[in-house]
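Take a look at the letters that make up each chain.
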Amino acid sequence: MNAAAFSTLDATLLVVLAWMIIGSIGIALPRRLTLIAHVLFPASAAVSAMLVVIGAMALLGSPHTAVLPLGLPSLPFHVRLDPLAAFFLVVLGAASAGISLFSAGYFRSSEGTPPGLVCLQYHVFLAAMAFVLVADDAYAFMVAWETMALASFFLVTTDHRHPEIRRAGFLYLLIAHVGAIAILLCFGVLQDPGGDYTFANMRAVHRDGAWPSIAFFLALVGFGAKAGVVPLHVWLPEAHPAAPSPVSALMSGVMLKTAIYGLLRVTFDLLHTQVWWWGAIALAVGLVTALYGVIFATVQTDMKRLLAYSSIENIGIIVTGIGLAILFNTYGKELLAAVALTAVLYHTINHALFKSLLFLATGSVLHSTRERSLGKLGGLIHRMPWVAWLALIGTLASAGLPPLNGFVSEWLLLQAFLFTPSLPQSFINMLVPLAAAALVLAAALAGYVMVKFFGIIFLGQPRENTLAYAHDAGRFERVALCVLAVACVLLGVLPVQVIGLLDRVNQALVGSTVGGHGGSWVLLAPIAPDRASYSPLIVLVVIVAVVLLTIQVVHRYYHGRLRRGAPWDCGFPLQTPRMQDTAEGFGQPIRQVFEIFFRIERHLPSPFDNAPRYTVRVEDRWWYLLYAPVATAVDFLARLIGLIQQGRIAVYLLYSFATLIALLYLVR
Amino acid sequence: MSYTGILSQLLQVALALALAPLLMGWINQCRAWLSNKRAPPITLPYRTIVKLFHKDAVVANNASGVFRIAPYVMFGSMACAAAIVPSIATDLPFAAAADAIALVGLFALARVFIALAAMDIGTAFGSLGARREMFVGFLAEPALLMVLFTVALISNSTSLPTIVETLAHRELVIYPSLAFAGVAFTMVSLAENARIPIDNPATHLELTMIHEAMVLEYSARHLALIEWASALKLFNYSCIGLALFLPFGIAEGSGDWIAIALAMPALIGKLLVGGVALAFIETVSAKLRIFRAPEFLGTAFLLAVLAMLVNQLLGA
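Since this is a predicted model, take the numbers as computed values, not measurements.

Within chain A, the secondary structure is distributed over 23 helices and five strands. In summary, chain A has a C-alpha radius of gyration of 26 Å against a globular reference of 26 Å for 668 residues, a match within 12%. Here the C-alpha coordinates of chain A stretch approximately 100 × 70 × 60 Å along the principal axes. Looking at chain A residue by residue over its 668 residues, the buried ones come to 55%. Here the contacts in chain A between residues at least 6 apart in sequence split such that 79% fall between residues at least 24 apart.

This is how it looks when you write it as structure tokens:
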């Protein structure tokens, strides 16, 4: 390696530095809203865009390492930029470029925390995420990881005047730390006997017996807590609605992906071996998460909670893919492992983009209407056409429809499932069709969720009179949404080019590539063209051509006459906005079919009520199955400890005296 | 890619566009005969479509662009789907661009657009229809995918022409996996095409309709396109079923015009028989309550999964 040359790693560190500088300027001038909004955030977006370029270059280049003169005297930070880290840097840069641009038009001074402080927290968050990705020893990793958790905690509680937001922030912090403990223990298991915590040494150490499995489980729990894997998902639907929308977008789009990065780093890079049943467990956990998330998403009435549950679903799909990749890898099917891994990575960047787009769109809706509840929105496509049409692209991508990007990753994952029968284990061969069935069920339900999301917010009649005053998003916000929507379309129609980049990661992790099996620049063929091929660009062109041709033919041979009138609705004279489906109504069939998943408290009015009231509360069973007992136990223990606290100084002195005597006796 | 391939592709799409309303008319005729009624002429669907094209479109005051674009998107996706399904030939250049999974994706695209359009006006029936359509779809779509997975596993490919060629050259015995898949596919087709027992295409009774509730607000050219696209959807599903479970007579290889010429009457013959079967099923069964639909479709889904398991474990 040429030490004098300016490497991509140096460039990445400069990006981190630039973000820290932008944050510092923000905190130095905390009340200068115009400066922060119109200079600092756009500058930060430009830095993010540079990070995309740097990441893409690093993806094509060779790994770089460096030691930074930071940290404790004998424990300097090691950093390394390899294809895996580079790919996640691209994800970070691409999503944050859009989100920062949106933030330029979004943050106002009225939200509890002064804008300068938000600016600092936001950029520390970004910098910490970038540093997590390049960290090359456990110490640097944990420092960056905790910085990321803390920065995001403060961002979640930006509007800290509301008690429920503080509560959500606390829950998030709690689960983040449960996860961090598991990750710390995982690194403890992986360390080399000499107490060296660099990743390079962890790779070299070969542990036998149960240790690799223990490390895998700790990683699954630790990173799963951050990613929102069931049953550690409960913080997501609380924290996302509480946070400002750009922060929700950043957390859902990027921060969850750093957990996926960590899981991939530990299982595919640091651990020298893999065991097949790790894959089976990751597969099962992923599928449960996907189904659980999507079923809960259908019954939500708050638009940001709905998106939070949808994120849980997508994380489930990603973890399923990781499980499948591990399975294939342990049986020596590198090509299939590469297909599954490509699906994982592709879905990671897809979800980062379309979920950011959707969260930002909810931010625009929230600013314009001050309303988060789906039951009080509606018809916004007329008042906010830009946001609505761009959100439609995100909605279709999220529903996994061709020719957009969500479909590509689902297609790849299903292809990976379809080529499983070549495995030597009959148990797995039986499991896989069932898993594929569960996966397509989750994917189909995602369509239901997205129709609900878009239809109730943007279509129909406005459910409240105040919605008539809603206004479209500002300039920065529009541009940001456009950037993300265009990225979704491009990722959707150019999969071959994207996979050409992803193959560098595949090569590094499983030693095989997906590209170069007989496809062309426009035709994606992961195994061989006669087995499966897909070309979204051709599909898009053909559909658009057919649609345009039909419009032309109809107008040419018949006419284009059109008249506006009142809606027909089977001739019913009275039609009020109240007669449309509410969010509860739209989710009701799913609630009924999957009743067993929910804990429902429902109050139905009797026919003789003069003032009939209908209430329904749908809750997560995990609260009562897992969290409430743990909380009760902790409470009980705390009360036992409380018994020895008498509040009198003499008693405490007695304790100290007794302790001293005991220690003297023991140590002597 | 060859010119003959493109030609046979275009021929197939044209045939689908032309024959789809005829299939609809034939089924309606059979239904009428089976229930001892005087049958409408077989060409009635064509006349309806032409009549609708001539009328002036009336669109609700608060309709947005989604409402106006949805019929075209639905029609476009169904026409693309007609190009992928090997109904008369397997030499289809476009099929390389979209395999069986993408075919299901195209159907889903049409469904999502029409459901969104139904919610666009904000009437009670529209949103009710949209909700029910998505409800039926969330179970039917995975079941259809599972059926396609079963045949994809048999032929080691998700490309429909390859699947059809493999299935057509297998020994002519009843395979348990294909039998399960066939039953599942029939059930899914009934649900997806708004037929009895899930929906009734002939009713406008408010409490029971699904598809009709969604398209209540449409008129004139938009309605004509939706009707045509629905007919095309039924035609596509019939052709998928025939191609997977009776894959005989479909022309293979490129440029074999005699085979293609022979494939057309074979297809028409199979469709005539299929239409009678569909009309028979519809006549002898009653419409299910909407909340019995999950049981019906759940059965289809389980049968399809069973088909895949049987194929996977027993290789049969």
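Let us now look at the environment of I54 of chain A. Residues and elements named next belong to chain A. Examined against the element boundaries, I54 turns out to sit in helix α2 (residues 33–60). The exposure class of I54 is buried, given the 23 C-beta atoms found within 10 Å. In contact with I54, other than residues within four places in its own chain, are T8, A11, T12, V15 and L89.

Residue and element names in this part refer to chain A. Sheet topology places strand β1 (residues 64–72) next to strand β2 (residues 75–81); seven bridges connect them, and they run antiparallel. Note on β2: the bridge partner recorded for L72 is L75. Once β1 ends, the chain turns through two residues before running back antiparallel as β2.

Residues and elements named next belong to chain A. At a minimum axis separation of 11 Å, helix α12 (residues 303–330) and helix α17 (residues 426–458) run at an interaxial angle of 160°. What the angle tells us is that α12 and α17 run roughly antiparallel. α12 and α17 meet at a crossing whose hand is left-handed. On α17, the residues touching M303, L306, S310, E313, I317, T320 and L327 of α12 are I428, L439, A442, A446, V449, F453 and I457.

Turning our eyes to something else, we now look at the domain arrangement of chain A. As assigned here, chain A comprises domain 1 (1–205 + 234–273) and domain 2 (594–667). Relative placement of domain 1 of chain A and domain 2 of chain A: their C-alpha centres are 33 Å apart.

So, about the interface of chain A and chain B. Facing the 67 residues of chain A at the interface are 70 residues of chain B. Sorting the residues of the side of chain A that touches chain B by element identifies α14 (380–383), α16 (405–418), α17, α20 (536–557), β3 (562–565) and α21 (583–593) of chain A as the ones contributing at least two each. Sorting elements by how many residues they give to the side of chain A that touches chain B places α17 of chain A first, with 15 residues. When grouped by side-chain class, the residues that make up the side of chain A that touches chain B number 45 nonpolar, 15 polar and seven charged. Where β3 of chain A lies against strand β1 (residues 57–60) of chain B, four bridges are found, and the strand directions are parallel. Bridging across to β1 of chain B, R564 of chain A finds its partner in V59 of chain B.

The rules we used
Think of each chain on its own: its residues are numbered from 1, step by step along the sequence as written. For this description, chains carry letters from A and ligands carry numbers from 1, given in the order in which they are written. It should be noted that, the model being predicted, local features are given only for residues of pLDDT at least 70 and side-chain atom pairs only at 80 or more, the latter also being counted only at that level, while totals for whole chains, interfaces and linings use all residues. The way it works is that DSSP assigns letters per residue, a run of H or I at least four long becomes a helix, a run of E at least two long becomes a strand, and they are numbered from the N terminus. Atoms counted for the radius of gyration: C-alpha only. Globule rule: 2.2 Å times the number of residues to the power 0.38. Counting other C-beta atoms within 10 Å of a residue's C-beta gives its exposure: the residue is buried at 20 or more, exposed at 12 or fewer, and partly exposed in between, where C-beta atoms are placed from the backbone. In this description, any two residues whose backbone-derived C-beta atoms lie within 7 Å of each other are considered to be in contact. Two strands pair if DSSP finds at least two bridges between them. For every element, the axis is a line fit to its C-alpha atoms; helices are fit only across the contacting stretch, and the angle between N-to-C directions ranges from 0 to 180 degrees. For classification purposes, angles smaller than 35 degrees are called roughly parallel, those larger than 145 roughly antiparallel, those between 65 and 115 roughly perpendicular, and all remaining angles oblique. Two helices crossing with the near one rotated counterclockwise from the far one by less than a right angle form a left-handed crossing, whereas a clockwise rotation gives a right-handed crossing. The domain boundaries here were taken from an automatic or database domain assignment. Any residue that is not Ala, Val, Leu, Ile, Met, Phe, Trp, Tyr, Cys, Pro, Asp, Glu, Lys or Arg is counted as polar, Gly included; the first ten are nonpolar and the last four charged.

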